[in-house]
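Understanding the architecture of this molecule
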Amino acid sequence: MDDRLVIGIASSALFDLAASDKVFRESGEEEYRRYQEENLDNPLNPGVAFPFIRRLLSLNDLGDDDGPLIEVIILSRNDPDTGLRVMKSVEYHGLPITRAIFMQGKSPYKFMPVLHMSLFLSANPTDVQEATARNLPAGQVLPSNYTEDGKDSDLRIAFDFDGVLADDASERVMQAEGLDSFHAHETANAVTPHPPGPLHDFLKQVNKIQRREEARRAADPTYRIRLHVSIVTARNAPSHQRAVASLKAWGVTVNDAFFLGGIDKGTVISVLNPHIFFDDQQGHLTSTSQVAPSVHVPFGVVNTAPRPGS
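This structure is a prediction, so every number in the text was calculated from the model and none was measured.

1. Details of the pairing of strand β3 (residues 99–102)
For a regular strand, side-chain orientation follows a simple rule: the groups alternate between the two sheet faces. Across four bridges, the pairing between strand β2 (residues 70–76) and β3 is parallel. The residue bridging S76 from the neighbouring strand is F102, located in β3. What joins β2 to β3 is helix α5 (residues 80–92), and the crossover it makes is right-handed.

2. Observations concerning the sheet that holds strand β8 (residues 256–259)
Consider a sheet: its strands pair through backbone hydrogen bonds, and that pairing is either parallel or antiparallel. Taken in spatial order, the 10 strands make up an open sheet running β3-β2-β1-β4-β5-β10-β9-β6-β7-β8, and their pairing is mixed. Strands at the two margins of the open sheet, each flanked by one partner only, are β3 and β8. The sheet shows a mean angle of 25° between the axes of neighbouring strands, direction not considered. The pairing of strand β6 (residues 155–159) with strand β9 (residues 276–279) spans three bridges and is classified as parallel. Among the inter-strand pairings, I157 is bridged to a residue of β9, identified as I276. Of the strands in this sheet, β4 (119–122), β5 (138–141) and β10 (294–296) touch helix α6 (residues 125–133), which is tilted by about 165° from β5.

3. Topic: the packing of helix α2 (residues 18–27) against helix α3 (residues 29–38)
Contact geometry for α2 and α3: axes closest at 7 Å, N-to-C directions at 150°. Taken as axis vectors, α2 and α3 run roughly antiparallel relative to one another. Taken as a pair, α2 and α3 cross one another with a handedness that is right-handed. In contact with A19, S20, V23, F24 and S27 of α2, α3 contributes E29, E31, Y32, Y35 and Q36. A per-class count over the contact of α2 with α3 returns five nonpolar, three polar and two charged.

4. A few points about the nonpolar core
Counting residues in hydrophobic clusters, the biggest one holds 53 residues, and the most contacted among them are L14, F52, L121, I157, F159, F202 and F278. For this core, the element with the most residues is helix α4 (residues 50–58), which contributes five residues. Ignoring anything within four residues of it in the chain, the contact list for I157 reads F52, F202, V206, L227, H228, V229, S230, I276 and F278. Judged by nonpolar contacts, the second largest core, of 12 residues, contains I73, M112, A131 and A138.

5. What about the packing of aromatic side chains?
If you walk through the whole model with that rule in mind, you get six aromatic pairs. For the pair F15 and F50, a centre-to-centre distance of 6.4 Å together with 45° between the ring planes defines the contact as tilted. Of this pair, F15 sits in the loop between α1 (11–14) and α2 while F50 is found in helix α4, placing the two residues 35 residues apart along the sequence. Of the two residues, F15 and F50, both sit in the buried class.

6. Focus: the pattern of salt bridges
Evaluation of the coordinates by the stated rule reveals 21 salt bridges. D79 is paired through a salt bridge with R33; the nearest N and O atoms lie 2.3 Å apart. In this pair, D79 is assigned in the loop between β2 and α5 and R33 in helix α3, connecting sequence segments 46 residues apart. Overall, D79 belongs to the buried group, its relative accessible area being 9%. R55 is the salt-bridge partner of E148, the closest N and O atoms lying 2.4 Å from each other. Here E148, found in the loop between β5 and β6, pairs with R55, found in helix α4; they are 93 residues apart in sequence, far enough to count as distant. Accessibility expressed as a relative area gives 27% for E148, which makes it partly exposed. Residue R55 is classed as buried on the basis of its relative accessible area, which comes to 2%.

Each value, and the rule that gives it
- Residues numbered from 1 in each chain as written.
- Predicted model: local features only at pLDDT ≥ 70, side-chain atom pairs only at ≥ 80, totals over all residues.
- Heavy atoms only, no water.
- Pairing = 2+ DSSP bridges.
- Helix = DSSP H or I, 4+ residues; strand = E, 2+ residues; numbered from the N terminus.
- Right-handed = clockwise from strand over helix to strand, strands pointing away.
- Axes fitted to C-alpha atoms, helices over the stretch in contact; angles between N-to-C directions.
- Contact = heavy atoms within 4.5 Å.
- Parallel < 35°, antiparallel > 145°, perpendicular 65-115°, else oblique.
- Left-handed = near helix turned anticlockwise from the far one by under 90°.
- Nonpolar A, V, L, I, M, F, W, Y, C, P; charged D, E, K, R; others polar.
- Core = buried A, V, L, I, M, F, W, Y, C linked by side-chain atoms within 4.5 Å.
- Buried < 20%, exposed > 50% of the residue type's maximum accessible area, 1.4 Å probe, protein only.
- Phe/Tyr/Trp six-rings, centres within 6.5 Å; stacked < 30°, edge-to-face > 60°.
- Salt bridge = Lys/Arg side-chain N within 4 Å of Asp/Glu carboxyl O.

Structure follows, in structure tokens:
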């Protein structure tokens, strides 16, 4: 099925590799290889993105004879030998992941276009920044204190708007001219949709899965919707109008929208309890990553390093 949602994920985002990375940094590659071989049958513990991936893959029960709706592919800097523990851990945790790319010491994000990926997640900031620089949809999974509720079978995905779903044109106005000019610009362009941002296509693919759920509930009123999508943005009135108009023009939908106007996003995220939250600003993610799996999308003007002397 050509229109399935395909996600690439690094082992560093899917599993907890803190102990392995410590061995590599302190003792070098040969000791790292020895460590992984000795622990081959000791499965890796779930990482920050594990709850999101597990729940997402569970939605494949909505599929049909055309194949799964969602596919996750491991993209790893490990070579095949050291990557064997990753695949054994995938099997141990019961994840239906069968495809992987292992490239010794190199990031395989370059294969994203040919694999039709709508998202690449990694804990390696360099890999994510390089992918984003190539206009590929990527995000850095940040360390988090989040504890998964195993009794909760829903999947909640939350997005920031500017620099994530939309491009950063309006954020550039904000950074250059301030809040008043930003609101004036957005009011003047209220009916003009934003150009799409890096995760626009990912949301479109998520919406397709949501429509499958709606069709299932129409056929079976006892079916309970599991997938929920929210926007959590620092926008507030009157700039909220253009965000809503853009979603409609793009043909995408969200279940909930939070226009916070400067309220700390972490306070809302702690109640919303998403299994993953995407934002382009590190300042927002400092608080959200304490309460939910959070992903930095290093796109746009807020992630452009200032020039010397500026």
